[in-house]
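A look at the structure
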Amino acid sequence: MTFSDRLIVVGVDGSPPGDAALRWVLGVAAQPGDRVLAVVVRPADTLLPGTSFAFQPHGRRPDRCCLPNERIARIRREFPDAPDVSVATPQGDPATELVAASADADLLVVGAHGAGLTRQLMLGSVSRECVRYSRCPVVAVTPEAAERLAAAAAG
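Now for a quick tour of the structure. (Residues numbered from 1 in each chain as written. Predicted model: local features only at pLDDT ≥ 70, side-chain atom pairs only at ≥ 80, totals over all residues. Heavy atoms only, no water.)

1. Here's the deal with the overall build of the protein
For the protein, the count of helices and strands is six helices and five strands. In the protein, the succession of helices and strands from N to C terminus is β-α-β-α-β-α-β-α-α-β-α. Taking all 155 residues of the protein together, the buried fraction comes to 37%. Partitioning the contacts of the protein with sequence separation of at least 6, the portion at a separation of at least 24 is 77%. When the accessible surface of the protein is totalled, it reaches about 8900 Å², and 55% of it is carbon and sulfur. (Helix = DSSP H or I, 4+ residues; strand = E, 2+ residues; numbered from the N terminus. Buried < 20%, exposed > 50% of the residue type's maximum accessible area, 1.4 Å probe, protein only. Contact = heavy atoms within 4.5 Å. Areas by Shrake-Rupley, 256 points an atom, 1.4 Å probe, with all protein chains shown as cover.)

2. Focus on the pairing of strand 1 (residues 7–11)
With respect to burial, strand 1 is a largely interior element, five of its five residues being buried. Residues Leu7, Val9 and Gly11 of strand 1 are buried on one face, and the alternating residues Ile8 and Val10, pointing to the opposite face, are buried as well. Running through helix 1 (residues 16–29), the crossover from strand 1 to the neighbouring parallel element strand 2 (residues 35–39) is right-handed. Where strand 1 lies against strand 4 (residues 107–111), three bridges are found, and the strand directions are parallel. Its bridge partner lying in strand 4, Ile8 is registered against Leu107. (Right-handed = clockwise from strand over helix to strand, strands pointing away. Pairing = 2+ DSSP bridges.)

3. Concerning the nonpolar core
Grouped together as the largest cluster of nonpolar side chains are 23 residues, with contacts concentrated most on Val10, Val25 and Val109. Top element by residues in this core is helix 1. It accounts for seven residues. (Core = buried A, V, L, I, M, F, W, Y, C linked by side-chain atoms within 4.5 Å.)

4. Side note on the packing of helix 1 against helix 2 (residues 69–77)
Following both chains from N to C, one finds helix 1 and helix 2 inclined at 40°, their axes separated by 10 Å at the closest point. Between helix 1 and helix 2, the interaxial angle falls into the category oblique. In this structure, helix 1 crosses over helix 2, and the sense of that crossing is right-handed. Of the residues in helix 2, those in contact with Asp19, Leu22, Arg23 and Leu26 of helix 1 are Arg71, Ile72, Ile75 and Arg76. Split into classes, the residues belonging to the contact of helix 1 with helix 2 amount to four nonpolar, no polar and four charged. (Axes fitted to C-alpha atoms, helices over the stretch in contact; angles between N-to-C directions. Parallel < 35°, antiparallel > 145°, perpendicular 65-115°, else oblique. Left-handed = near helix turned anticlockwise from the far one by under 90°. Nonpolar A, V, L, I, M, F, W, Y, C, P; charged D, E, K, R; others polar.)

5. Quick notes on helix 1
With 14 residues, helix 1 extends 18 Å between its outermost C-alpha atoms, agreeing within 8% with the 20 Å of an ideal straight helix rising 1.5 Å per residue. Counted residue by residue, helix 1 has 10 buried out of 14 residues, so it is predominantly covered. (Expected span 1.5 Å × (residues − 1).)

6. Overview of the sheet that holds strand 3 (residues 85–88)
Pairing is parallel in the open sheet, where five strands are placed in the order 3-2-1-4-5. Both edges of this open sheet fall to strand 3 and strand 5 (138–141), since each of them pairs with a single strand only. Taking each pair of neighbouring strands and ignoring which way they run, the sheet shows an average axis angle of 25°. Sheet analysis places strand 4 next to strand 5, joined by four bridges and oriented parallel. Pairing of Gly111 across the sheet is with Val141, part of strand 5. Running at roughly 165° to strand 4, helix 5 (residues 125–133) makes contact with strand 4 and strand 5 of the sheet.

7. What to know about helix 2
Here helix 2 has its buried residues at Ile72, Ile75 and Arg76. Viewed end-on, helix 2 has its buried residues packed into an arc of 105°, placing them on one side of the element. Of the residues in helix 2, the exposed ones pointing more than 90 degrees away from the buried face are Glu70 and Arg77. Those residues of helix 2 that are buried are in contact with helix 1, strand 2 and strand 3. (Arc of directions from axis to C-beta.)

None of this, on its own, says anything about what the molecule does.
The following block contains the structure:
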């Protein structure tokens, strides 16, 4: 396998760890010729609590995507030599959709959430599920780690 054969899947959700994961992929992991797929998981439709179809004819929360293509494109422009980023927006459970996307991937990168002692001891639920069930290697990136690695790669 050469670098040009690799598919790197990155989970993005509009949070600082998700943005850090995308920046790490583009600034450190991705090589010329790699394919980068940003997976933005839209939440499954859920009924609004305490409503009826008379007040909410569709009975569903409005569909919203938490990280639009424009934001991904803005992050991509920070790395002029990085490969292009394609975007997939499946609907469902984030961990399930990211694990499914990892089926054909060579690397799955996710942002690691958490705070204080929890951050040091445990991964967030999505990153933990990805590590457990992914079909390829997984990198869980915190914003702090992404900054350190990007600085080391640049210098």
